[in-house]
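# Descriptive structure summary
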Amino acid sequence: MDKLDDMASVYEFDPFTGNIPATKVEITVSLCVLYTQGIETKQWREFGRTEVIDNTLNPDFVRKFILDYFFEEKQNLRFDLYDVDSKSPDLSKHDFLGQMFCTLGEIVGSPASRLEKPLGGGKCGRDSATMQFCANKLDKKDFFGKSDPFMVFYRSNEDGTFTICHKTEVVKNTLNPVWQSFTIPVRALCNGDYDRTIKVEVYDWDRDGSHDFIGEFTTSYRELARGQSQFNVYEVVNPKKKMKKKKYVNSGTVTLLSFSVESEFTFLDYIKGGTQINFTVAIDFTASNGNPSQSTSLHYMNPYQMNAYAMALKAVGEIIQDYDSDKMFPALGFGAKLPPDGRVSHEFPLNGNIENPYCNGIEGILEAYHQSLKTVQLYGPTNFAPVVNHVARYAAAVQDGSQYFVLLIITDGVISDMSQTKEAIVNGAKLPMSIIIVGVGQAEFDAMVELDGDDIRISSRGKLAERDIVQFVPFRDYMDRTGNHVLSMARLAKDVLAEIPDQFISYMKSRGIKPNPAPPPYTPPGHTHHTQI
């Protein structure tokens, strides 16, 4: 029953509960931490921290560090730079940007005692390590049956304490467990220092929470990164047993079975690397919307307020347009009779120009929409497949990750070509595209929920969609009771766009597409991106 004092953190820890955090845009808030190294122990000790400087990529710190200089000694220094995300003094809560090593002698010996070196080691901030372990001949702890082993991983801190960073699952009734592989951010394991000690404790699980300590071993990220080898077979040692028993060897061994590292890219990494979001809108012009000249129509042009179609278009479009550099958007209509011959079309340009259906910005789309209402005759049926296939043709031509297509369909009702639309969506799921469907009016939207595929992945002719690319919402759920249309539009945009980054990442990951490096940020004359001391 050893180590009970340490166990509260062990069995309370659950690293993977809670909501998925939002993507953070780095309005850089910088902090520099100085460490000195003991001559004998070689342990790094925190010497001091600068002030935090807000919102800059070129921090100029004011706080000075005063150190004793000894000519005859090699005084190693380490400067760690962080992007501060909160007021927490715990550095692991902040983004590690990189570090620089030097000696005090290097600084003193530099011209004007000014030393410049590039930052290194910050890359791990985005890396995730996946690893799997097994154990052999662990100590038997249960009177009846064998042990129920699990492992707890700790990252060492500069002050000699340890922070828990992962707990494996329990493998029941065995002394030779094989644990499932797990993935953990590299930063959580070592906070950017590949040689930082990682302590691993092995326990026998007990139902009452008083887990029995089997033993422990230490390693580092650098050692683990060697992968499966003789270097990654660890003796599990119980220090108390080792002190008491002369013949004690170990309490079993733990072996690393596999190790791999993958960079976790965010939606913003791709956007910064130049990926463009192409926005297309398709508007329902079927007769079920009602005569546009009557106030009961969903297309009614009230001079004093926007109708539901215009609000949905403006709410979603004004956010997406920021990710499209030329702000030229194709705008289509479906389900209307077109002049001069009255033929029915399910894929007509709102501006009347088949060769160039692009409108200038969201205001340009709204203008073309208003003009179309004056020239076309609302008809039917409600077919989605033609506009889905229209966007899919463009997406199919650019599958290198440089462009991603978002189709917004605004409709009032029951879809007429369900099987064709399902087939179009299943095919579209292989392409760099997403579909947002906003339902306006009071109709039943059961078919739209099926297309959404959140609960049951959509399929066509026995083929499942490769990924979920459709998000459906009924606009009526977002109407503010007080008549605050700005609030209604903000709520709508938030919900319909929330899934786009994950859908985008799922496509890029499935195709193994990595973001292009972001162009270097603008540097005012006379500034440099090196660490300055």
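Below is a short write-up of the structure. (Residues numbered from 1 in each chain as written. Predicted model: local features only at pLDDT ≥ 70, side-chain atom pairs only at ≥ 80, totals over all residues. Heavy atoms only, no water.)

### Comments concerning a nonpolar patch on the surface
Together, Tyr69, Phe71 and Val108 make up an exposed nonpolar region whose accessible area comes to about 340 Å². By the secondary structure assignment, Val108 is in helix 2 (residues 104-109). For Val108, a relative accessible area of 40% corresponds to the partly exposed category. (Patch = residues over 30% accessible without salt bridge, like charges linked within 9 Å, V, L, I, M, F, W, Y side chains within 5 Å. Areas by Shrake-Rupley, 256 points an atom, 1.4 Å probe, with all protein chains shown as cover. Salt bridge = Lys/Arg side-chain N within 4 Å of Asp/Glu carboxyl O. Helix = DSSP H or I, 4+ residues; strand = E, 2+ residues; numbered from the N terminus. Buried < 20%, exposed > 50% of the residue type's maximum accessible area, 1.4 Å probe, protein only.)

### Some words on the layout of surface pockets
Considering only enclosed or pocket space, the second largest pocket measures out at about 400 Å³ in volume. Every residue lining the second largest pocket is counted, 23 residues in all, and those nearest its centre are Gln43, Trp44, Ser156, Asp193 and Arg196. Every element with two or more residues in the lining of the second largest pocket is listed here: strand 2 (44-49) and strand 4 (95-103). Split by residue class, the lining of the second largest pocket holds 4 nonpolar, 10 polar and 9 charged. (1 Å grid on protein atoms, 1.4 Å probe; cavity = no way out; pocket = protein on both sides within 12 Å on 5 of 7 lines; lining within 4 Å. Points joined across faces, edges and corners; volume = space filled by probe spheres on them. Nonpolar A, V, L, I, M, F, W, Y, C, P; charged D, E, K, R; others polar.)

### Quick look at the environment of Asn238
Assignment of secondary structure puts Asn238 in the loop between strand 12 (233-235) and helix 5 (239-244). In the structure, Asn238 is positioned 14 residues away from Gly252 in sequence and 9.9 Å away in space, judged by C-alpha atoms.

### Remarks on the environment of Tyr369
Within the element layout of this structure, Tyr369 appears in helix 8 (residues 361-375). Those residues in contact with Tyr369 that lie beyond four places of it in its chain are Ile283, Phe285, His299, Met301, Asn307, Tyr309 and Leu350. (Contact = heavy atoms within 4.5 Å.)

### Examining the pairing of strand 15 (residues 328-334)
Where burial is concerned, most of strand 15 is hidden: 6 out of the 7 residues are buried. For strand 14 (residues 276-284) and strand 15, the ladder comprises 4 bridges, and the chain directions are parallel. If you follow Asp284 over to strand 15, its bridge partner there is Phe334. Where strand 15 meets strand 19 (residues 358-360), 3 bridges bridge the pair, whose relative direction is antiparallel. Looking at the pairing, Met328 lines up with Asn360 of strand 19. The pairing of strand 15 with strand 18 (residues 348-349) spans 2 bridges and is antiparallel. (Pairing = 2+ DSSP bridges.)

### A few points about the sheet that holds strand 12
The strands making up a sheet are joined through hydrogen bonds of the backbone, oriented either antiparallel or parallel. Strand order in the open sheet made by the 4 strands is 9-6-13-12, with antiparallel pairing throughout. One side of each edge strand has no neighbouring strand; the edge strands of this open sheet are strand 9 (182-185) and strand 12. Between one strand axis and the next, the sheet turns by 35° as a mean value, whatever way the strands run. (Axes fitted to C-alpha atoms, helices over the stretch in contact; angles between N-to-C directions.)

### Focus: the packing of aromatic side chains
What the rule picks out here adds up to 21 aromatic pairs. Between Phe133 and Phe182, the aromatic rings sit 6.4 Å apart at their centres with planes inclined by 20°, giving stacked as the arrangement. One end of the pair, Phe133, is in strand 6 (residues 127-136); the other, Phe182, is in strand 9, and 49 residues separate them in sequence. The same class applies to Phe133 as to Phe182, namely buried. One aromatic cluster is present, built from ring pairs that chain together Phe265, Phe267, Tyr270, Tyr323, Tyr404 and Phe504. Positioned over the ring face of Tyr35 is Arg78, at 4.1 Å from the centre of the ring. Its end group placed over the ring of Phe150, Lys167 keeps NZ or CZ at 5.8 Å from the ring centre. (Phe/Tyr/Trp six-rings, centres within 6.5 Å; stacked < 30°, edge-to-face > 60°. Lys NZ or Arg CZ within 6 Å of the ring centre and 35° of its normal.)

### Quick word on the sheet that holds strand 16 (residues 336-338)
Spatial strand order, 17-16-20: 3 strands in an open sheet with antiparallel pairing. Both outer strands of the open sheet, strand 17 (343-345) and strand 20 (377-378), are each paired with one neighbouring strand and no more. Note that strand 16 and strand 17 share 3 bridges and pair antiparallel. Along strand 17, the bridge assignment pairs Leu338 with Arg343.

### Some details on helix 12 (residues 485-497)
Counting along an α-helix, one turn takes 3.6 residues, and residues three or four places apart therefore face a common direction. Its 13 residues give helix 12 an end-to-end C-alpha distance of 18 Å, which sits within 8% of 18 Å, the value for a rise of 1.5 Å per residue. At its buried positions, helix 12 is contacted by helix 7 (308-320), strand 22 (433-439), strand 25 (470-474) and helix 13 (500-510). (Expected span 1.5 Å × (residues − 1).)

### Comments concerning the side chain of Asp452
Summarising the element assignment, Asp452 is placed in helix 11 (residues 446-452). Within the buried core, Asp452 has no salt-bridge partner, and the shortest N-O distance to an opposite charge, that of Arg457, equals 9.1 Å. Of the polar contacts made by the side chain of Asp452, one reaches the backbone nitrogen of Phe472; its length is 2.8 Å. Apart from residues no more than four positions distant in its own chain, Asp452 is found in contact with Asp468, Val470, Gln471 and Phe472. (Lys, Arg positive; Asp, Glu negative; His and termini not counted. Polar contact = N/O pair within 3.5 Å; in protein donor to acceptor, adjacent residues only side chain to side chain.)

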